[in-house]
Amino acid sequence: MEQKSLRADFKWHPIDLSATPLSVHEDAMRLAIAAARGNPAFPFGAVIVRKVDRQVMATGVNTRAANPTFHGEIVAINDYVARHGNLGWGEVILYTTGEPCPMCMTAAAWAGVGGVVYGTSIEKLRQVGIDQILIPATAVIGASPVYHGEILGHVLQAETDALSEPQARLTSVRARQQWLAAR
C-alpha cells in the first residue's frame, strides 16, 4: 500500500513579512513580550498569529525548568497543535522575543510556519550573558532545502533587549526564585 505524505497536496508560499505594516508586527511582538514576563527566570515569549485576521492562535513562554526543550517557540508550537491540529502553518507568523535558537528555528521550518519575527538577536543574548548556540536563524533557513519562509528581526528590540539585560534580570531575583520554586 502506498503511503501519502500529509503534505502531498500542500502548496506552501511564505508570507511576505515586508507587506505587513511594522505597527502590526509591533502589536504582535508586544503580546510575545507580555508572555515573556510570565517567566522572569527565562524571559522568552512567543505567539503564533494568523496573518489574515491577526488572531492569536497560540502562546508560549520558556518553561525549560520543566523540560530543557520547552523554549517559548516550542511551547507556542505545542499550544498551536493542541488547539488547532497540525494544519495551517503556512498561514501564521511566529513572533518571538528572542531570535529562535537552532532547535526552535528548525521546528518552525519543519512545521512550515509562514514567517518568523523576532526582537533580540542571538548575538545580543550572548553579549548579556545568556548562553546561546551561535547559529543564527537565517543560517538554519539557509541550510533547509524545504523551508523558504521569511524572517524579520529586531522588532521592538529595545523592549525585548530590556527583558534580557542583566539589571532587569537582577531586579526580578525574588520573582525568579519564586517561579523556580513553584516548578
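In case you missed it, the structure is sitting above this.
Residues numbered from 1 in each chain as written. Predicted model: local features only at pLDDT ≥ 70, side-chain atom pairs only at ≥ 80, totals over all residues. Heavy atoms only, no water.

Engineer: What is the right way to look at the packing of aromatic side chains in this model?
Structural biologist: Aromatic ring pairs: the centre-centre distance and the angle between the two ring planes describe each pair. Evaluated as defined, the whole model comprises one aromatic pair. Between Tyr80 and Trp89 the ring centres are 4.2 Å apart and the planes differ by 40°, which places this aromatic pair in the tilted class. (Phe/Tyr/Trp six-rings, centres within 6.5 Å; stacked < 30°, edge-to-face > 60°.)

Engineer: Is there a simple way to think about the sheet that holds strand S2 (residues 56–61) in this case?
Structural biologist: Each strand in a sheet pairs with its neighbour through backbone hydrogen bonds, running either in the same direction (parallel) or in the opposite one (antiparallel). Reading across the sheet, the five strands line up as S2-S1-S3-S4-S5 and stay open at both edges, with mixed pairing between neighbours. Where the open sheet ends on each side, the last strands, each with one partner, are S2 and strand S5 (150–152). Here the strands of the sheet are splayed against their neighbours by 15° on average, with no regard to which way each runs. By the bridge criterion, five bridges tie strand S1 (residues 45–50) to S2 in an arrangement that is antiparallel. Bridging across to S2, Val47 finds its partner in Thr59. (Pairing = 2+ DSSP bridges. Helix = DSSP H or I, 4+ residues; strand = E, 2+ residues; numbered from the N terminus. Axes fitted to C-alpha atoms, helices over the stretch in contact; angles between N-to-C directions.)

Engineer: I'm lost on the packing of helix H1 (residues 22–36) against helix H6 (residues 157–164) in this one. Help?
Structural biologist: The relative placement of two packed helices is expressed as an angle between their axes plus a distance between the axes. Where H1 contacts H6, the axes come no closer than 11 Å and their chain directions differ by 10°. The angle between H1 and H6 falls in the class roughly parallel. When H1 is examined against H6, the residues Met29, Arg30, Ile33 and Ala36 are found in contact with a partner set consisting of Glu159, Thr160 and Leu163. (Parallel < 35°, antiparallel > 145°, perpendicular 65-115°, else oblique. Contact = heavy atoms within 4.5 Å.)

Engineer: For this particular structure, what's the right way to read the side chain of Glu73?
Structural biologist: In this structure, Glu73 sits in helix H2 (residues 72–84). Here Glu73 sits buried without a salt bridge, and the closest side chain of opposite charge, Arg64, lies 11 Å off (N-O distance). (Buried < 20%, exposed > 50% of the residue type's maximum accessible area, 1.4 Å probe, protein only. Lys, Arg positive; Asp, Glu negative; His and termini not counted. Salt bridge = Lys/Arg side-chain N within 4 Å of Asp/Glu carboxyl O.)

Engineer: Could you clarify how one ought to interpret the side chain of His71 in this entry?
Structural biologist: Here His71 lies in the loop between S2 and H2. Residue His71 is classed as buried on the basis of its relative accessible area of 19%. Ignoring anything within four residues of it in the chain, the contact list for His71 reads Asn62, Cys101, Met103 and Cys104.

Engineer: Could you clarify how one ought to interpret the nonpolar core in this entry?
Structural biologist: If you look at soluble globular proteins, the nonpolar side chains tend to sit buried side by side. In terms of nonpolar packing, the biggest core is built from 20 residues, with Ile48, Trp89, Met105 and Val113 touching the most fellow members. Within the residue set of this core, elements represented by two or more residues are S1, S2, H2, strand S3 (92–98), helix H3 (102–111) and helix H5 (137–142). Ranked by size, the runner-up nonpolar core spans 15 residues in total, among them Ile33, Val47, Val49 and Leu156. (Core = buried A, V, L, I, M, F, W, Y, C linked by side-chain atoms within 4.5 Å.)

Engineer: Mind showing me how you'd approach H3 here?
Structural biologist: Owing to its 3.6 residues per turn, the α-helix brings residues three or four apart onto one side. Taken together, the buried positions of H3 are occupied by Pro102, Cys104, Met105, Ala108, Ala109 and Ala111. In this fold, the buried residues of H3 make contact with H2, S3, strand S4 (115–120), H5 and S5. Just downstream of H3 lies Gly112, where phi reads positive at about 85°.

Engineer: Looking at this model, I keep getting lost on H2. Mind explaining?
Structural biologist: For H2, which comprises 13 residues, the first-to-last C-alpha distance of 18 Å matches the rise-based estimate of 18 Å (1.5 Å per residue) to within 8%. Listed as buried for H2 are Gly72, Glu73, Ile74, Val75, Ala76, Ile77, Asp79 and Tyr80. Summarising the contacts, the buried residues of H2 are in contact with S1, S2, S3 and H3. Count one or two residues on from H2 and you reach Gly85, which has phi positive near 80°. (Expected span 1.5 Å × (residues − 1).)

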